[in-house]
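Chain by chain, the residues run as shown.
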Amino acid sequence: MTRRLIWAGFGILATLVGMAAGHLVAAFTDPAASPVLTVGSTVIDLTPTPMKEWAIRTFGDDDKAVLVGSVMLGALVLAAVAGLLARRRFLLGAGVLVLLVASAAVMSLLRPGAAALDVLPAVVAGIVGVAALWLLARLARENGVRPTTAADDATAPSRRGVLLAAGALGVAAAVLAGAGQWVTGRRTTPAGVSLPQPADPAPGLPTDLRGTVPGISRLQTPTSSFYRVDTRLTLPIVDLDDWTLTIDGDVENELTFTYADLLAMPMIERDITLTCVSNDVGGPYVGAARWLGVRLSDLLDQAGVGGGADQIFSTDVDGMTLSTPLEMALAQEDAMVAVGMNGEALPEEHGFPARMVIPGLYGFISATKWISRMTLTTYAEKTAYWTDRKWATDAPIKTASRIDTPQSFSTIDAGDTFIGGVAWAQTRGIGKVEVQVDGGAWQEAELGPDVGVDYWRQWYFPWTAEAGEHDLSVRATDLDGAVQTDAKAAPFPNGSSGRQRIIVTVG
């Protein structure tokens, strides 16, 4: 049994070295082509929508780490099998490793925008992995690790050469993987970019209520805390000297803009709240920021949109596609191709060098990050990633509200305190927020500063908390007088609905 574990370990160690070598090569070509990430991306694409929503709801921002870990675990189980097979016949074990990397190579070619060079990391991983397994198997046989009798199998001898080789390979795997991460980090970090002053700036933000009501969301979400939900396991590599934004399709003039072209155009600055369609009632996937960019209408006017188009089919630098209803996009004067966020150039994780920002629409139909192309076309001619997975094509953001403080299932002290949070109804604005305590009458809360209809509104409700368990609910009313619905709906296919309800204990 001990010897079997040793050979299983050989397979795992050889695979780790191969993966690390492939990861380093991918860092210099395309980080998304790293074998583990390629398999992980394919798993994302093939995962049914209910399972994706469950993962986002259950693991939150850690969903990608959990996925990569699961892919790694599956690969290492097969690697252990390869080691056990190599114990009897090396070619059988090597064949399993080759099948592993061949699968990753095929998946790399199936990615949107894939190039022939994307198979190189998988090829290198295969060569290095098989070579490492061969070395370990050869040393093991030379030092008597291969069993000849049952008695031998019960006493697995430790040989200096095998241990030294295994240790060296373990160090090599760590060094190669670490170097790959370092190179990738260096390549995805944008160099210093100087943004122009907006021709149409936003007014200064009013005083944040967070100083008065601790625990509620900040009026402006810090960039480092802004939610990120996308299908990417690694950030794209964008070279500003090569990046362009093309507008084509049903247009009078096909146009291509460089980054410098965009920065030279008149810029608007707007405070806009974005919401992910995967945000459940009371969920965290909503954030408010100050965006700097070029009006979408200015770009489309230059191109001259034809009369037949009904969607903007946008594509990112690696081929991910989103569909935006043209009429809904043009109805928003402040829809933009953004280059700045909270006073700085877009961070790489939020779309550097440019992304779409359209008030009032969930991100899956409006917020293309790392955008490189906008094609004016029809839904009949082209369907995008989420449309193919049966998500809605028209998805305006629903009126919603959230309790930030106190937190659900928390215990607080009795006495005078606050219930507080944020509410949003982009393009309509928040007119009123109400709180319900223990199923009683709805009571109107105090509203925080008004930043505009496209921005969320802070709110708070002074509450004298009495000892015991309490049931708290919240609802918002938009400026048109429409009350947030109490009808419960899951995020799929066009956004969640319902009212948040939490339980707190007062000590």
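Cut-offs applied
- Residues numbered from 1 in each chain as written.
- Predicted model: local features only at pLDDT ≥ 70, side-chain atom pairs only at ≥ 80, totals over all residues.
- Heavy atoms only, no water.
- Phe/Tyr/Trp six-rings, centres within 6.5 Å; stacked < 30°, edge-to-face > 60°.
- Buried < 20%, exposed > 50% of the residue type's maximum accessible area, 1.4 Å probe, protein only.
- Helix = DSSP H or I, 4+ residues; strand = E, 2+ residues; numbered from the N terminus.
- Pairing = 2+ DSSP bridges.
- Salt bridge = Lys/Arg side-chain N within 4 Å of Asp/Glu carboxyl O.
- Patch = residues over 30% accessible without salt bridge, like charges linked within 9 Å, V, L, I, M, F, W, Y side chains within 5 Å.
- Areas by Shrake-Rupley, 256 points an atom, 1.4 Å probe, with all protein chains shown as cover.
- 1 Å grid on protein atoms, 1.4 Å probe; cavity = no way out; pocket = protein on both sides within 12 Å on 5 of 7 lines; lining within 4 Å.
- Points joined across faces, edges and corners; volume = space filled by probe spheres on them.
- Nonpolar A, V, L, I, M, F, W, Y, C, P; charged D, E, K, R; others polar.
- Polar contact = N/O pair within 3.5 Å; in protein donor to acceptor, adjacent residues only side chain to side chain.
- Contact = heavy atoms within 4.5 Å.

(A) Region of interest: the packing of aromatic side chains. Overall, the coordinates contain twelve aromatic pairs when judged by the stated rule. Pairing Trp54 with Phe59 gives two aromatic rings, centres 5.4 Å apart and planes at 85°, and the pair type is edge-to-face. We classify Trp54 as partly exposed; its relative accessible area is 43%. Phe59 sits in the partly exposed class, given a relative accessible area of 30%. Summarising the aromatic geometry, the rings of Tyr227 and Tyr285 are spaced 6.3 Å apart at their centres and angled 65° between planes, so their arrangement reads as edge-to-face. Here Tyr227 is found in the loop between α8 (160–188) and β1 (244–249), whereas its partner Tyr285 is found in the loop between β3 (268–275) and β4 (286–295), with 58 residues between them in sequence. For the pair Tyr227 and Tyr285, a shared accessibility class is recorded, and that class is buried.

(B) Focus on the sheet that holds strand β14 (residues 430–437). Ordered by their spatial adjacency, five strands build an open sheet running β12-β19-β18-β14-β15, and the pairing between neighbours is mixed. Bordering the open sheet on either side are β12 (411–412) and β15 (443–444), each of which pairs with just one other strand. Pairing of strand β18 (residues 468–478) with strand β19 (residues 501–506), which is carried by six bridges, proceeds in the antiparallel orientation. If you follow His470 over to β19, its bridge partner there is Val504.

(C) Examining the pattern of salt bridges more closely. All told, the structure shown has 19 salt bridges when counted by the stated rule. Put simply, Asp404 and Arg402 hold a salt bridge, and the shortest N to O gap is 2.8 Å. An identical accessibility class is assigned to Asp404 and Arg402; each is buried. A salt bridge links Arg475 to Glu434; the nearest nitrogen and oxygen atoms lie 2.8 Å apart. Of this pair, Arg475 sits in strand β18 while Glu434 sits in strand β14, and the two are 41 residues apart along the sequence. Overall, Glu434 belongs to the buried group, its relative accessible area being 9%. Taken together, the shared-partner salt bridges in this structure form one network comprising Asp200, Arg270, Arg295, Glu333 and Asp334.

(D) Up close: a nonpolar patch on the surface. Together, Leu73, Val77, Val81, Leu85 and Leu92 make up a nonpolar patch on the protein surface, roughly 410 Å² of accessible area in all. The element contributing the most residues to the nonpolar patch is helix α4 (residues 63–88), with four residues. Relative to the assigned elements, Leu73 resides in helix α4. Exposure remark for Leu73: the relative accessible area of 57% places this residue in the exposed category.

(E) Representation of the sheet that holds strand β11 (residues 400–405). The four strands are arranged β11-β13-β17-β16 in an open sheet whose pairing can be described as antiparallel. One side of each edge strand has no neighbouring strand; the edge strands of this open sheet are β11 and β16 (446–447). Sheet analysis places strand β13 (residues 415–424) next to strand β17 (residues 457–465), joined by nine bridges and oriented antiparallel. Among the inter-strand pairings, Val422 is bridged to a residue of β17, identified as Gln458.

(F) Quick look at empty space enclosed by the protein. Counting across every chain of the model gives two cavities of 30 Å³ or more. Of the voids in this model, the largest cavity is the one considered here, and its volume is about 140 Å³. As for the largest cavity, its lining consists of 16 residues, of which Val281, Thr399, Ala400, Ser496 and Ser497 are closest to the centre. Looking at the lining of the largest cavity residue by residue, the class counts come to four nonpolar, ten polar and two charged. Lining the second largest cavity we find Thr321, Leu322, Ser323, Phe364, Ile365, Ala384, Trp386, Thr387, Ala392 and Thr393. Elements that contribute at least two residues to the lining of the second largest cavity include exactly β6 (321–325) and α12 (385–388). Counting residues per element, the lining of the second largest cavity draws most heavily on β6, at three residues. Grouping the amino acids of the lining of the second largest cavity by side-chain chemistry returns six nonpolar, four polar and no charged.

(G) Geometry of the environment of Glu327. Topologically, Glu327 is positioned in helix α11 (residues 326–330). For the pair Glu327 and Val119, spaced 208 residues apart in the sequence, the C-alpha separation amounts to 41 Å.

(H) Main features of unusual backbone geometry. With an omega of 15°, the peptide bond between Phe352 and Pro353 qualifies as cis. The topology assignment puts Pro353 in the loop between β8 (344–345) and β9 (355–357). With a phi angle near 75°, Thr427 is a residue other than glycine that sits in the positive phi range. Mapped onto the fold, Thr427 is located in the loop between β13 and β14. Under the relative-accessibility criterion, Thr427 is labelled partly exposed at 33%.

(I) Summary view of the side chain of Asp471. Along the polypeptide, Asp471 turns up in strand β18. There is a polar contact of 2.4 Å between the side chain of Asp471 and the side chain of Arg501. The residues touching Asp471, leaving out its near neighbours within four places in the chain, are Gln436, Val437, Asp438, Arg501, Ile502 and Ile503.

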